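The lines below spell out each chain.
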There are 4 protein chains.
Amino acid sequence: MRFFSDNAAPVSDAVLAAIASANTVDTAYDGDALSRRLDDAFSDLFGTRVAALWVATGTAANSLALGALCPPWRGVVCHRDAHINNDEAGAPEFFTHGAKLMAVEGEGAKLTPDAIAAVIDLIANDVHRVQPAAISITNATEYGLVYSPDEVAAIGAFARQRGLGLHMDGARFANAVAHLGCSPAELTWRAGIDALSFGFVKNGGMSAEALIFFKPELAADVAIRRKRAGHLLSKGRYLAAQIHALLADDLWLANGRAANQAAARIAQAAVGRLVHPVQANEIFLHLTTEEAARLRARGFDFYDWGPGEARFVTSWSQADHEVEALAAAIAAL
Amino acid sequence: MRFFSDNAAPVSDAVLAAIASANTVDTAYDGDALSRRLDDAFSDLFGTRVAALWVATGTAANSLALGALCPPWRGVVCHRDAHINNDEAGAPEFFTHGAKLMAVEGEGAKLTPDAIAAVIDLIANDVHRVQPAAISITNATEYGLVYSPDEVAAIGAFARQRGLGLHMDGARFANAVAHLGCSPAELTWRAGIDALSFGFVKNGGMSAEALIFFKPELAADVAIRRKRAGHLLSKGRYLAAQIHALLADDLWLANGRAANQAAARIAQAAVGRLVHPVQANEIFLHLTTEEAARLRARGFDFYDWGPGEARFVTSWSQADHEVEALAAAIAAL
Amino acid sequence: MRFFSDNAAPVSDAVLAAIASANTVDTAYDGDALSRRLDDAFSDLFGTRVAALWVATGTAANSLALGALCPPWRGVVCHRDAHINNDEAGAPEFFTHGAKLMAVEGEGAKLTPDAIAAVIDLIANDVHRVQPAAISITNATEYGLVYSPDEVAAIGAFARQRGLGLHMDGARFANAVAHLGCSPAELTWRAGIDALSFGFVKNGGMSAEALIFFKPELAADVAIRRKRAGHLLSKGRYLAAQIHALLADDLWLANGRAANQAAARIAQAAVGRLVHPVQANEIFLHLTTEEAARLRARGFDFYDWGPGEARFVTSWSQADHEVEALAAAIAAL
Amino acid sequence: MRFFSDNAAPVSDAVLAAIASANTVDTAYDGDALSRRLDDAFSDLFGTRVAALWVATGTAANSLALGALCPPWRGVVCHRDAHINNDEAGAPEFFTHGAKLMAVEGEGAKLTPDAIAAVIDLIANDVHRVQPAAISITNATEYGLVYSPDEVAAIGAFARQRGLGLHMDGARFANAVAHLGCSPAELTWRAGIDALSFGFVKNGGMSAEALIFFKPELAADVAIRRKRAGHLLSKGRYLAAQIHALLADDLWLANGRAANQAAARIAQAAVGRLVHPVQANEIFLHLTTEEAARLRARGFDFYDWGPGEARFVTSWSQADHEVEALAAAIAAL
């Protein structure tokens, strides 16, 4: 029973079906009919004109976005535990040609304007210091917390005031929206987001993420840089098909909601052990080594997360019986 | 009737089936059972110990290979019309951090030791000049010609003698092997190839290429750089599944053969118009503007290739009736 | 008797004196009084508002200029034999983060709008091809030829029409201006130049070149990138002092004129052997191996320049008796 | 009376004289007699075979060293307040092509094996995390503290054990050696240092620093990368001359000693106000805003260093009367 990662989950049936439907002759790269409909599909979803590019990984989406918002000689403010800082092998540095990630602390991997200001206000404005160019936040965060539209808007206002771009790593954007019940627009461009990595792979997709620019003029150079990074797939229609399948009837949102509900059920059983509130699909628990071993002996797979802590992630397809079994096992510890 | 590009073709049924079969819970990234079997599968195919990494595009495969063979301050010798030089948006420069592509001329986009020597022997061995570190050849070439094992081996011997690495862009490796009837080993490591971009996407695959290192010790850093370039897909099992499906029963070779046969049929009908001999699945024809227009009016799609020339590409799935129709239409011009 | 390179020459007495005069306590980096006067000094010289930055090498000046005019994913058009393409170890690729140098042919290392168009008009305007962003010309060229203001203006008009930036590598700018008798303005911004590497080191300076931006707004990021490249010297006043010394009373121009005159004297004696017309301070001669050996035996140092050719360079300080001796020796061959 | 920076100081008379003596015709770049003697001169000084390259800035020396010790996809451990992390505009990221600086805390900008281990032991050994490749320490540190040979050796042993390279930023190496009274060898290669940025500019030089490799085989690629970074000056003899002048009769050490003594005199007068012990030529004082203003009113220039602190730096040429005046003024506060 895998609670390792939402990357371990299978893909939605609708995604498989869409891939099969796309299996005809069409134009290569992103010239096909499905890819050409992406801008419209996301513009509808967000209620404003956006430019959307598919890529095969969240790391590519994040890094291309940061490359668009930050030149090589400036920096990107992010949480110290941000995925871009810790789990992408230096991809942001690669795609930006050496920009600096500027780590900020904050409970549950969340940033605030004050925490950001405390770091960047120390940077003298001269040519010796790397100056910030952008902020990147993750929603839901690496610890499963969710920024509300107001919290994002506060950072958005701060970013505008300082002349900084604002990126959202939405690898678990669906989980955030599902938790909040807000519109995708409220959580993004209305709150000042310039670029969003809209995650599908952790949420029922196979190999397609979307990079959304709320300033569509940013997309032209990114389309070139996507190719230059080897991320313009030859048969892009199979990626676009996945995205359209997940957007149809808000399947992406239903999948996010399902994962969240599974996590909530487990959180309920683990109430005294929670390291962070459970808002999305990740549960961080205080677990002794011995307790962790006991859970593993019962067939549960999960990550140790530093001494005395463990991470469980639920997916859109987590079986009810697995969820109930884990909840029971934790309660019984 | 599309003769634009083999990228326009659909994917083999076996590939779709394999993807569907892989649709279960498994370990993320390349930790799954299918990905872990790739080294063995390719080692069997090549009859020697290799390291194999999947990536989603040929550009990624080529660029990661070149990054492994060439430091930022040296150069890669290639044909002036090589895909890496002309059609990858500077990806080799991006992945190598600015190495120089050193263009060499040659009929049909083929290199020879003499042609390479004529260029690199002019480079004074001092710190002012960029020194070559590697050679990259394409097989089949960008003009549909095929290097024989002996031709590759001559370049391989030259490379070893000069201390240069040797990469083969095998976007159409299947077409080359199918044409030659040789073993994959003869055309690669036995002839001095260090790294091969083994193309599947143009040949019945959907989104999986293989990067093969015949010096397996090169692969460890490349695995890191694959992640750093955003090319470590979260659900790699769906890529590995495609590759295994195409390797099974030599489907890759059958597909390559089918495409070649379609091209040969068209070449037969176009004998006086051939710009290059047709050995793989590309046909370059002398066509006047008026003739090209006539073919288009009959429903054939293809690329103009400079003034008075046109390129037709056949795919593994090109329908017989399309092939016959095109052959007849060309003969009737 | 050295005719190897103008880099071998000593520095003008005025430069040494200026360095000694600068040997006081002052602000570090470029905050000192001398550095702060550079913008004004060059604005006076060029008759328009410019931004000027000192750097220690021509390679740094060229590469910083190109970095300002070309993003990593585009290209710089230059002559195949341009110093930036051949003699800077890939520095332009380093500073631009991998932009492509696009080689154009042309007699005497000179470019024309037609020759440039012939190359870049072949580049399809899609994301697969690297698009040009700038043109770089060298004046005087690597073969000692000089672009006239009209010739530069023709390229300038072409550049503007195509939306390309225009850089002039003026390592031997003094020699060009001395030859033409025009104003520095006519040869640069009035002819469409955006950035000029104004060479002083080959012309009596010790370690200071000037990078001039005729679009001063480009200089702010370059000032950062100069630091980032390790080119913001701690005690910049010693560089600024050199430049002011060479600008005073047009010493730079007198030095350039002296070097040109020495070259003209030698060219006169070598009239039937000239590979290129001699306009600046470089003389390329047809010389057999045996003739070259004879000259060397008489004490003359120079470069072989491919089979049957040799390069002689005169400096601002070339002694008359050396010049006469070389002229006589060549005439006597 | 400037206590801003040792970069504000003039250059030693011997340096000026050496530059004047070098003002003859000689081979360009680093082919001249003086440059060719550098390896020997430093090998003598360090009592082991080293390779030495001049560069014009400490930032270039540091960044070239780090580029030699760390590939683009790994990281360099350094103190959070290290010059390379804070004051070089991202030059290490530029020269390494995007390696990550991994910040460690420590009193007075000093690192210890334990502090380093505490950071890097958290980095899981997988392709998602950037792995460290090297450690960089500054001696004397950014806060004027000095690592002893034993302290360096402890870090050296740790580095070897973890397979990490070890660089010393010796912008104030002279001050460290002068404080310790040890040999240059004890403080460097005998303690495990692989590469040293040996600072001269802050210590009586004008524009020449030395990059010393105790593993001479590292220098060949660095010589190329120096050129590629625009740091191979055309007339290198004027840099080499400066270095030889400072090495002669241990002038470098005498200069370092003089600066230290000036600092010690001031520290004596400021005993209750010292933020850090004064071991080299930097004095960090607790000063109220009002006290700082009072000192400035008396003609002393210095940096504020965060709220309630100020930095004073003494140079090799600091006039006795200035030192006495400052000491008296501080004592009188």
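Residues numbered from 1 in each chain as written. Chains lettered and ligands numbered in written order. Predicted model: local features only at pLDDT ≥ 70, side-chain atom pairs only at ≥ 80, totals over all residues. Heavy atoms only, no water.

Accessible area lost on assembly of the parts is the figure often given for the size of an interface. Opposite the 47 residues of chain B that make contact, chain A presents 46 residues. Interface area for chain B against chain A, summed over the two sides, is near 3900 Å², with a carbon-plus-sulfur share of 60%. Linking chain B to chain A there are zero salt bridges. At the junction of chain B and chain A, the tally comes to 39 residue pairs in polar contact (both at pLDDT 80 or more). Of all the secondary structure elements, the ones that give two or more residues to the side of chain B that touches chain A are helix H1 (13–21), helix H4 (58–69), helix H6 (91–96), helix H11 (219–228) and helix H12 (237–247) of chain B. The dominant element in the side of chain B that touches chain A, judged by the number of residues it contributes, is H6 of chain B, at four residues. The residue inventory of the side of chain B that touches chain A, partitioned by class, reads 23 nonpolar, 14 polar and ten charged. (Contact = heavy atoms within 4.5 Å. Buried area = accessible area lost by both parts, 1.4 Å probe. Salt bridge = Lys/Arg side-chain N within 4 Å of Asp/Glu carboxyl O. Polar contact = N/O pair within 3.5 Å; in protein donor to acceptor, adjacent residues only side chain to side chain. Helix = DSSP H or I, 4+ residues; strand = E, 2+ residues; numbered from the N terminus. Nonpolar A, V, L, I, M, F, W, Y, C, P; charged D, E, K, R; others polar.)

Turning next to the domain arrangement of chain A. Residue and element names in this part refer to chain A. Per the domain assignment, the segments of chain A are domain 1 (12–250) and domain 2 (251–331). If you average the C-alpha positions of domain 1 and of domain 2, the two centres end up 26 Å apart. Taken together, the contact between domain 1 and domain 2 spans 31 residues of the former and 20 residues of the latter. Overall, the association of domain 1 and domain 2 removes approximately 2000 Å² of surface from exposure, summing both partners, and the carbon and sulfur fraction of that is 55%. Of all residues in domain 1, Tyr143, Asn175 and Asp250 bury the most surface against domain 2, accounting for 27% of the area lost on that side. Remark: the boundary between domain 1 and domain 2 carries one salt bridge. Across the salt bridge formed by Glu282 and Arg172, the nearest N and O atoms sit 3.4 Å from each other. Viewed at the interface, domain 2 and domain 1 are joined by 19 residue pairs in polar contact (both at pLDDT 80 or more). Listed by contribution, the elements that provide at least two residues to the side of domain 1 that touches domain 2 are helix H9 (173–180) and helix H11 (237–247). (Domains from an automatic or database assignment.)

A residue-level look at chain A finds 100% of positions with pLDDT of 70 or above and a mean pLDDT of 97. Note on the complex model: pTM 0.98, ipTM 0.97. (pLDDT = per-residue confidence, 0-100.)

This part takes up the relation of the copies chain B and chain A. Rotating chain B by 180 degrees and moving it 0.0 Å along the rotation axis overlays it on chain A with an RMSD of 0.0 Å. Look at the turn and shift together and you get a two-fold axis relating the two. Taking C-alpha positions as reference, the residue of chain B nearest the rotation axis is Ala229 of chain B, located at 3.5 Å. Interface residue correspondence from chain B to chain A reaches 98%, placing this contact among same-surface, isologous pairings. (Least-squares fit on C-alpha atoms with pLDDT ≥ 70 in both.)

Between the first and last C-alpha of helix H13 (residues 251–269) of chain D there are 28 Å, a value that for 19 residues agrees with the 27 Å anticipated at 1.5 Å per step. Every buried residue of H13 of chain D is listed here: Trp252, Leu253, Asn255, Gly256, Ala259, Asn260, Ala262, Ala263, Ile266 and Ala267 of chain D. (Expected span 1.5 Å × (residues − 1). Buried < 20%, exposed > 50% of the residue type's maximum accessible area, 1.4 Å probe, protein only.)

For the rest of this paragraph, the subject is the relation of the copies chain C and chain B. These two copies of the chain differ by a rotation about an axis and a displacement along the same axis. Screw-axis analysis of chain C against chain B gives a translation of 0.0 Å along the axis, an RMSD of 0.0 Å, and a rotation angle of 180 degrees. Of the interface residues in chain C, 100% have counterparts in chain B that sit at the interface too, so the contact is made through matching surfaces.

Below, the discussion takes up the interface of chain C and chain B. With 14 residues of chain C at the interface, the matching set in chain B holds 14 residues. With both sides pooled, the region where chain C packs onto chain B buries about 1200 Å², and carbon together with sulfur makes up 42% of that total. The three residues of chain C that bury the most area against chain B are Ala89, Glu93 and Lys100 of chain C, which together make up 36% of that side's buried surface. Linking chain C to chain B there are two salt bridges. We note a salt bridge from Glu93 of chain C to Lys100 of chain B, for which the minimum N-O separation is 2.6 Å. Inspection of the region where chain C meets chain B yields ten residue pairs in polar contact (both at pLDDT 80 or more). Put simply, the parts of the chain that give the side of chain C that touches chain B at least two residues each are helix H5 (83–86) and strand S3 (100–104) of chain C. Grouping the amino acids of the side of chain C that touches chain B by side-chain chemistry returns four nonpolar, five polar and five charged.

Strand pairing in a sheet takes place through backbone hydrogen bonds and is either antiparallel or parallel in direction. Residues and elements named next belong to chain B. Taken in spatial order, the three strands make up an open sheet running S8-S10-S9, and their pairing is antiparallel. Here the strands that pair on one side only, and so sit at the sheet edges, are strand S8 (282–286) and strand S9 (303–304). Examined bridge by bridge, S9 and strand S10 (residues 309–313) share two bridges and lie antiparallel to one another. Bridge pairing in S10 places Asp304 opposite Ala310. (Pairing = 2+ DSSP bridges.)

Residue and element names in this part refer to chain A. Strand order in the open sheet made by the three strands is S8-S10-S9, with antiparallel pairing throughout. The open sheet has two edge strands, strand S8 (282–286) and strand S9 (303–304), and neither has a second partner. Across five bridges, the pairing between S8 and strand S10 (residues 309–313) is antiparallel. Paired with Leu285 across the two strands is Ala310, which belongs to S10.

By the definition in use, this model includes 70 aromatic pairs over all chains. With 5.6 Å between their ring centres and 85 degrees between their planes, Phe94 of chain A and Phe95 of chain A make a pair best called edge-to-face. Taking relative accessible area as the criterion, Phe95 of chain A reaches 4% and is therefore assigned buried. Ring pairs connect the aromatic residues Phe42, Phe46, Phe173, Phe198, Phe200, Phe214 and Trp252 of chain A, which therefore count as one cluster. If you follow Lys110 of chain D out to its NZ or CZ, it ends over the ring of Tyr147 of chain D, 5.3 Å from the centre. (Phe/Tyr/Trp six-rings, centres within 6.5 Å; stacked < 30°, edge-to-face > 60°. Lys NZ or Arg CZ within 6 Å of the ring centre and 35° of its normal.)

What follows deals with the nonpolar core. In terms of nonpolar packing, the biggest core is built from 135 residues, with Phe42 and Ile135 of chain C together with Phe42 and Ile135 of chain D touching the most fellow members. Contact partners of Phe42 of chain C, with chain neighbours within four places excluded, come to Val50, Ala52, Phe198, Phe200, Ala210, Ile212, Ile243 and Leu247 of chain C. Judged by nonpolar contacts, the second largest core, of 133 residues, contains Phe46, Trp54 and Ile243 of chain A together with Val50 of chain B. (Core = buried A, V, L, I, M, F, W, Y, C linked by side-chain atoms within 4.5 Å.)

Turning next to the environment of His276 of chain C. All names here are of chain C. Along the chain, the position of His276 falls in the loop between helix H13 (251–269) and strand S8 (282–286). Classification of His276 as buried rests on a relative accessible area of 10%. A C-alpha to C-alpha distance of 17 Å links His276 and Thr288, two positions twelve residues apart in sequence. Once residues within four sequence positions are removed from consideration, His276 is found in contact with Glu107, Gly108, Tyr143, Leu145 and Phe284.

Relative to the helices and strands, Ala328 of chain D is located in helix H15 (residues 320–331). With a relative accessible area of 44%, Ala328 of chain D lands in the partly exposed category.

Another point: the packing of helix H12 (residues 251–269) of chain A against helix H14 (residues 320–331) of chain A. Residues and elements named next belong to chain A. Close contact between H12 and H14 brings their axes to 8 Å; oriented N to C, the two are set at 15 degrees. Put simply, H12 runs roughly parallel to H14. Relative to H14, the crossing made by H12 is right-handed. Across the interface between the two elements, Ala262, Arg265, Ile266 and Ala269 from H12 touch Val323, Glu324, Leu326, Ala327, Ile330 and Ala331 from H14. Here the residues of the contact of H12 with H14 sort into eight nonpolar, no polar and two charged. (Axes fitted to C-alpha atoms, helices over the stretch in contact; angles between N-to-C directions. Parallel < 35°, antiparallel > 145°, perpendicular 65-115°, else oblique. Left-handed = near helix turned anticlockwise from the far one by under 90°.)

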